[in-house]
Amino acid sequence: MKVMKFGGTSVGSIESLLHLKDIVNAQDKPVVVVVSAMGGFTNQLLAMCEQAQQRDISCLDTLEAARKRHHDAIDGVVVESMRGQVHETIDRFIDESLKPYYLALATNPHMPVDEIERVCDAIVAHGEILSSAIVTGMFDDGVPHLSLNFMRTRRDGHGRVLDWDETERLVKQDFAQLTEGVHVAQGFISRDGEKGDVTNLGRGGSDYSAAILATLLDAESLEIWTDVDGFMTADPRTHPDATVIPQMTYAQAQEMCDAGAKVIYPPTIAPVAMKHIPVWVKNTFNPSAPGTVIID
Ligand code: ADP
Ligand code: ASP
Ligand code: MG
C-alpha cells in the first residue's frame, strides 16, 4: 500500500484535481491519499484571522470567494451522485464553523491571547477539511478519514510535537479496515491530546502527516506529488538552470531540506528513513516524468 500526498497546487484547481484523479485511479487499491488545502487558502484563512481581529469584516467577502472556489471545484470534479452532499458539507463548515469563529474574533476585543490562538488554529484547519471533502467525493470508492481523530500532538516547551505513541494507537484503529478503496485524510491538522484543541504540524506540514501515516501503516512507499519534476539541485523559481536529482539518500535529502529546500517539510524524512520506506517526489502536472526517489 502506498501513501500519496498531494500539495496545495495539486488540489488547487479543477485541472490539477483531474490529474490527481487519473494518478490515483491508476494505482492498486487500497491507497492512502493525504491532501493539503487548495493552494493559497491556508494563507487566506490566516490573513482573514488578522482582519477579523482588526474588526475588518471584509474578511467575510474573501470567505465568500473561497466558498465559490470550492463549489466550482465540486461541480468540476466530484462524482455526480456525491455532489449535493459535498456542496452541503462545504456550506456547513463555512456557515456553522468558519463564520462564527471570524465573528467571535471581530466582536470580542478582550479575547485572551491564548483563546485567539486556539480559535485561529481551529480556523486554519478548515483548509484541509474542505479540500479533503472534495477529493473524497471524486472517487466512487472514496473513504473519508478525519486526521483530527488520530493525529495527536502534545506541548513541548513553547511548541508542540507529535505524540507518536498515542498517534500510532489511533492510526491503527482508524485504518483497521484498510482492504480496498481510496482512503483520503487531511494533511497538516491534528489535535492536542490533553486539551482536545485543534492543532497543526506547522506550515508545510502535510508532507509530515503523510510520512507519519506511511510509517505507522508500513507503506511500501511515500509519494509527494507537487508542482515540479522532482527534488532539484536548487529552487527552480530562483534558479532556472536547476536540474532534477534522480536519486538521493535520506541524509542528502534531509540536509537540503534543513538548508531550506521547500519541496519537502524537514521533519518528513526521519520517520520514513527509520523504516527504509522509499520517498518519491513527483509532478502532478507531468506524471510521466521519472521524479526523484529518496532511499538509503
Ligand atoms: P506543495 O504545495 O506541493 O507542498 P511546495 O510549494 O511546498 O509545494 O513545494 C514545492 C516548491 O518547492 C516548488 O514549486 C519549488 O519552487 C520549491 N523548491 C524549493 N527548493 C526546491 C528544490 N530543491 N527542488 C524542488 N523544488 C524546490
Ligand atoms: N496547508 C498547509 C500550509 O499551507 C499545509 C501544507 O500545505 O502542507 O502550510
Ligand atoms: Mg509543501
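Residues numbered from 1 in each chain as written. Chains lettered and ligands numbered in written order. Predicted model: local features only at pLDDT ≥ 70, side-chain atom pairs only at ≥ 80, totals over all residues. Heavy atoms only, no water.

K.L.:
Is there a simple way to explain the nonpolar core in this structure?
P.N.:
Generally speaking, nonpolar side chains in soluble globular proteins are found buried as a group. By size, the foremost hydrophobic cluster in this structure holds 44 residues, and its most contacted members are Tyr102 and Val135. For Val135, the residues in contact, after removing those within four places along its chain, are Val11, Leu17, Leu20, Val33, Val35 and Val184. Among the nonpolar cores identified, the runner-up in size contains 39 residues, and Val32, Tyr208, Phe231 and Ile269 belong to it. (Core = buried A, V, L, I, M, F, W, Y, C linked by side-chain atoms within 4.5 Å. Buried < 20%, exposed > 50% of the residue type's maximum accessible area, 1.4 Å probe, protein only. Contact = heavy atoms within 4.5 Å.)

K.L.:
Is there a simple way to explain the site of ligand 2 in this structure?
P.N.:
If you check the shell around ligand 2, you find Ser36, Thr42, Glu128, Phe188, Arg203, Gly204, Gly205 and Ser206 and nothing else. Take Arg203: an N or O atom from its side chain is 2.7 Å from an oxygen atom of ligand 2. Contact between ligand 2 and Gly205: an oxygen atom at 3.4 Å from a main-chain N or O atom of the residue. Considering ligand 2 on its own, with 260 Å² of exposed area, one finds that the protein chains cover 85% of that surface. Split by residue class, the shell around ligand 2 holds one nonpolar, five polar and two charged. (Near = heavy atom within 4 Å. Polar contact = N/O pair within 3.5 Å; in protein donor to acceptor, adjacent residues only side chain to side chain. Areas by Shrake-Rupley, 256 points an atom, 1.4 Å probe, with all protein chains shown as cover. Nonpolar A, V, L, I, M, F, W, Y, C, P; charged D, E, K, R; others polar.)

K.L.:
Mind showing me how you'd approach the sheet that holds strand E2 (residues 31-35) here?
P.N.:
Strand-to-strand pairing in sheets goes through backbone hydrogen bonds, with the strands running parallel or antiparallel. With mixed pairing, eight strands are arranged side by side in an open sheet as E3-E6-E2-E1-E9-E11-E12-E10. Every other strand in the sheet has two partners, leaving strand E3 (142-144) and strand E10 (247-249) as the edge strands with one partner each. For this sheet the average axis-to-axis angle between neighbouring strands, irrespective of direction, equals 25 degrees. Here five bridges tie E2 to strand E6 (residues 182-186), and the two strands are oriented parallel to one another. Bridge pairing in E6 places Val35 opposite Gln186. With respect to the sheet, helix H9 (residues 250-258) is in contact with E10, strand E11 (279-283) and strand E12 (292-295), its orientation differing from that of E10 by roughly 85 degrees. (Pairing = 2+ DSSP bridges. Helix = DSSP H or I, 4+ residues; strand = E, 2+ residues; numbered from the N terminus. Axes fitted to C-alpha atoms, helices over the stretch in contact; angles between N-to-C directions.)

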